[in-house]
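Structural overview for review
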Amino acid sequence: MKSRSPEPIAEIISLWERQQDAYVAHRAQRFNIMLDAISYTHPEVRLVLNIGGGLGSFSKLILQHFPNATVLTLDYDPALLKLARHNLHDYTRRSEIVEANLVDPTWPESLGRAEPEVIVSSTALHWLSSAELVALYEQLAGILPAGGLFFNADHLSHTTAGAFFHTVSAADDARQQSVFDSGVPDWADWWDELRKIDGFEHLIAERDRRFAGGTDNQDATATLHIEALRVAGFTESGTLWQYFDDYVVYGVR
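Residues numbered from 1 in each chain as written. Predicted model: local features only at pLDDT ≥ 70, side-chain atom pairs only at ≥ 80, totals over all residues. Heavy atoms only, no water.

**A look at helix H2 (residues 27–41)**
Along an α-helix, residues three or four positions apart point the same way, because every turn accommodates 3.6 residues. Relative to the 21 Å expected for 15 residues at 1.5 Å per residue, H2 spans 22 Å between its end C-alpha atoms, a close match to the ideal helical length. All buried positions along H2 are accounted for by Arg27, Arg30, Phe31, Met34, Leu35, Ala37 and Ile38. The buried residues of H2 occupy an angular sector of 160 degrees when projected down its axis, which confines them to one face. (Helix = DSSP H or I, 4+ residues; strand = E, 2+ residues; numbered from the N terminus. Expected span 1.5 Å × (residues − 1). Buried < 20%, exposed > 50% of the residue type's maximum accessible area, 1.4 Å probe, protein only. Arc of directions from axis to C-beta.)

In structure tokens:
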């Protein structure tokens, strides 16, 4: 019989963090450099939008780091958003969950009158095609005020960077397998575990329907992101942090 206690949800969130740590070497450092950059330029930030925010891992860190900030966690995955409500429960007064599809050009309407000063994304936008990514960046430029910040932390393509860079990046990616062999669930295994928890079956079925046919964008390089931000209207864009083919790309509106 499937458990109805809250413990399975706490455990599945913990497994998510272990899985993400396995996929992203130096994940904590990647988060911290974005938090530091926001602190240096927007120490009194009031509103942050986390797009593709999943179950709220980065949202939680932002809420802890900026005690006066409100964070909007936006995603289109109903299962992850249910987990986000649990994960961010202690921050109810400063945390809002927004369900919206970034591919739908009307998604900014889901923000209402909210005017974020900072927009972040972590390990999420690789699901968008290059055309969708360019369109999204144009929308973000229209949402942020002058001086507003955007950060995208993600694993980006290294296929056009040269043989050496491809070799060392691929070798570092292969390191993940030893972690999964030690018992940490990979992406597919984690979703199998979530399916065992009561109350998630219909949400996962809906998720599968929404994302049917979706694949990673294997062509989006850091250069593409940086140029797309510049063309979209950001006054400055570049790489804030890099570890092999794992990047934090930024834009200043």
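**A look at the sheet that holds strand E1 (residues 47–51)**
Strand order across the open sheet formed by seven strands is E3-E2-E1-E4-E5-E7-E6, with mixed pairing between neighbours. Of all the strands in the sheet, the pair left with one neighbour each is strand E3 (95–99) and strand E6 (236–243). Direction aside, the axes of adjacent strands within the sheet are offset by 20 degrees on average. The sheet contacts of H2 involve strand E4 (118–122), strand E5 (149–155), E6 and strand E7 (246–252), and relative to E5 the element is tilted by about 170 degrees. (Pairing = 2+ DSSP bridges. Axes fitted to C-alpha atoms, helices over the stretch in contact; angles between N-to-C directions. Contact = heavy atoms within 4.5 Å.)

**A few points about the packing of aromatic side chains**
Overall, the coordinates contain ten aromatic pairs when judged by the stated rule. Here Phe150 and Phe234 contribute two aromatic rings whose centre-to-centre distance is 6.4 Å and whose plane-to-plane angle is 50 degrees, an arrangement assigned as tilted. Of this pair, Phe150 sits in strand E5 while Phe234 sits in the loop between helix H10 (222–232) and E6, and the two are 84 residues apart along the sequence. Both residues of the pair, Phe150 and Phe234, belong to the buried class. Aromatic side chains Tyr243 and Phe244 sit 4.8 Å apart centroid to centroid with 75 degrees between the ring planes, which places their arrangement in the edge-to-face category. (Phe/Tyr/Trp six-rings, centres within 6.5 Å; stacked < 30°, edge-to-face > 60°.)

**Some points on the packing of helix H1 (residues 7–23) against helix H8 (residues 187–195)**
Taken N-terminus to C-terminus, the directions of H1 and H8 make an angle of 175 degrees; their axes are 10 Å apart at the nearest point. Overall, the two elements H1 and H8 adopt an arrangement that is roughly antiparallel. On the side of H1, the interface is formed by Ile12, Leu15, Trp16, Gln19, Gln20 and Tyr23, while H8 contributes Trp187, Trp190, Glu193 and Leu194. Of the residues assigned to the contact of H1 with H8, the class counts are seven nonpolar, two polar and one charged. (Parallel < 35°, antiparallel > 145°, perpendicular 65-115°, else oblique. Nonpolar A, V, L, I, M, F, W, Y, C, P; charged D, E, K, R; others polar.)

**Remarks on unusual backbone geometry**
Residues other than glycine seldom take positive phi values, yet His26 does so here, at roughly 60 degrees. In this structure His26 comes out as partly exposed when scored by relative accessible area, which is 40%. Phi at Thr123 takes a positive value of approximately 50 degrees, unusual for a residue other than glycine. Of note, Thr123 is situated in the loop between E4 and helix H5 (130–143).

**Description of the pairing of E1**
For E1, the buried fraction is high: five of the five residues fall into the buried class. Because side chains alternate across E1, one face comprises the buried residues Leu47, Leu49 and Ile51, and the other comprises Val48 and Asn50, equally buried. Assessed by its sense of winding, the connection that carries the chain from E1 through helix H3 (residues 57–65) to strand E2 (residues 70–75) is right-handed. Looking at chain direction, E1 and E4 are connected through three bridges and run parallel. Note on E4: the bridge partner recorded for Asn50 is Val120. (Right-handed = clockwise from strand over helix to strand, strands pointing away.)

**Details of the packing of helix H4 (residues 78–87) against H8**
H8 packs onto H4 with a crossing angle of 70 degrees between their chain directions and a minimal axis gap of 12 Å. Our classification of the angle between H4 and H8 gives roughly perpendicular. On the side of H4, the interface is formed by Ala79, Leu80 and Leu83, while H8 contributes Trp190, Trp191 and Leu194. Grouping the amino acids of the contact of H4 with H8 by side-chain chemistry returns six nonpolar, no polar and no charged.

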